[in-house]
Amino acid sequence: MYKLIVSDVDGTLLDNDSNLPSLNKKALFACKEKGIGVILATGKSIEAIYPLVRDLDLKLPQITLCGAATLNKDLKIISSIKFNPEYYFDVVRSIKEKKYNPIICLLDGKLFYEKYSPNMDYLKEIGEKLIQIDSVEK
C-alpha cells in the first residue's frame, strides 16, 4: 500500500493549458480519502501553486522552485536554499554575456526581468507573474 505520492505539476498533473483535469483531481482526492499523502514537487513559484494547493486541500509540505523552497500546510516557507549574494553579480553577468535574459525569482514568488524574450511566454502560460524592472543588478 502506498503512503505518499509526490508528483510534478506541469505536464504531469496539469494539462497543456495549466488546468487540473477532473480525472486527476478525482484521483488525488481518492488517494487522500485512502490516507495517501499528496505532495507537489514543482519548478513553479510559491505564488503559482497557491490555487492548486488550496483547491486540492493539501496538508503536507509542498516543494517549489525546483526544490529551492519547501512550504508547510499553511504555505509558509519551512526550508529554502538561497543564492549566496556574494556570487549574484557574477552569475547575472555570466548569463548576460551568453546573450540570455536573466529572470530573478524571489522566495515570495515574484519573478523579475529586464528584457522580455519569447522564451518567457511559457512562464506566463503556466501562471507565473513576471515583473519588468530596470535592472536585475539593483
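Here the structure is shown first, and the text comes after it.
So, here is what we can say about the structure in this document. This structure is a prediction, so every number in the text was calculated from the model and none was measured.

1. Notes on the sheet that holds strand 5 (residues 77-80)
Right, so step 1: Read across the open sheet, the three strands follow the order 3-4-5; overall the sheet is antiparallel. Lying at the two open borders of the sheet, with one neighbouring strand each, are strand 3 (62-64) and strand 5. The sheet shows a mean angle of 25° between the axes of neighbouring strands, taken without regard to direction.
Right, so step 2: Of the pairings in the sheet, the one linking strand 4 (residues 69-71) to strand 5 comprises three bridges and is antiparallel in character. Looking at strand 5, one finds that leucine 71 is bridged to isoleucine 77.
Right, so step 3: Sheet contacts for helix 2 (residues 46-56): strand 3, strand 4 and strand 5; angle to strand 3, the most-contacted strand, approximately 150°.

2. Things to note about the pattern of salt bridges
Note on pairing: side chains with opposite charge can pair once their charged atoms come close.
Right, so step 1: Under the definition given, this model contains seven salt bridges.
Right, so step 2: For aspartate 55, the salt bridge is made with lysine 25, and the minimal N-O distance between the two is 3.0 Å. A residue pair is termed long-range when its members are at least 10 positions apart, and aspartate 55 in helix 2 and lysine 25 in helix 1 (residues 22-33) qualify at 30 residues.
Right, so step 3: Here lysine 129 ties to glutamate 47 by a salt bridge, and the two come within 3.2 Å at their closest N and O atoms. Residue lysine 129 is located in the loop between helix 4 (121-125) and strand 8 (130-132), and its partner glutamate 47 is located in helix 2; the two are separated by 82 residues in the primary sequence.
Right, so step 4: Under the relative-accessibility criterion, lysine 129 is labelled exposed at 54%.
Right, so step 5: Its relative accessible area of 28% is what places glutamate 47 among the partly exposed residues.
Right, so step 6: Taken together, the salt bridges that share partners define one network made up of Lys96, Glu114 and Glu137.

3. Looking at the sheet that holds strand 6 (residues 103-105)
Right, so step 1: Taken together, three strands build an open sheet; the order of strands is 6-7-8 and the sheet is mixed. Whereas interior strands pair on both sides, the edge strands pair on one side only; in this sheet they are strand 6 and strand 8. The mean inter-strand angle of the sheet, taken between neighbouring strand axes irrespective of direction, is 30°.
Right, so step 2: Across three bridges, the pairing between strand 7 (residues 111-113) and strand 8 is parallel.

Here is what the cut-offs are and how they apply
- Residues numbered from 1 in each chain as written.
- Predicted model: local features only at pLDDT ≥ 70, side-chain atom pairs only at ≥ 80, totals over all residues.
- Heavy atoms only, no water.
- Pairing = 2+ DSSP bridges.
- Helix = DSSP H or I, 4+ residues; strand = E, 2+ residues; numbered from the N terminus.
- Axes fitted to C-alpha atoms, helices over the stretch in contact; angles between N-to-C directions.
- Contact = heavy atoms within 4.5 Å.
- Salt bridge = Lys/Arg side-chain N within 4 Å of Asp/Glu carboxyl O.
- Buried < 20%, exposed > 50% of the residue type's maximum accessible area, 1.4 Å probe, protein only.

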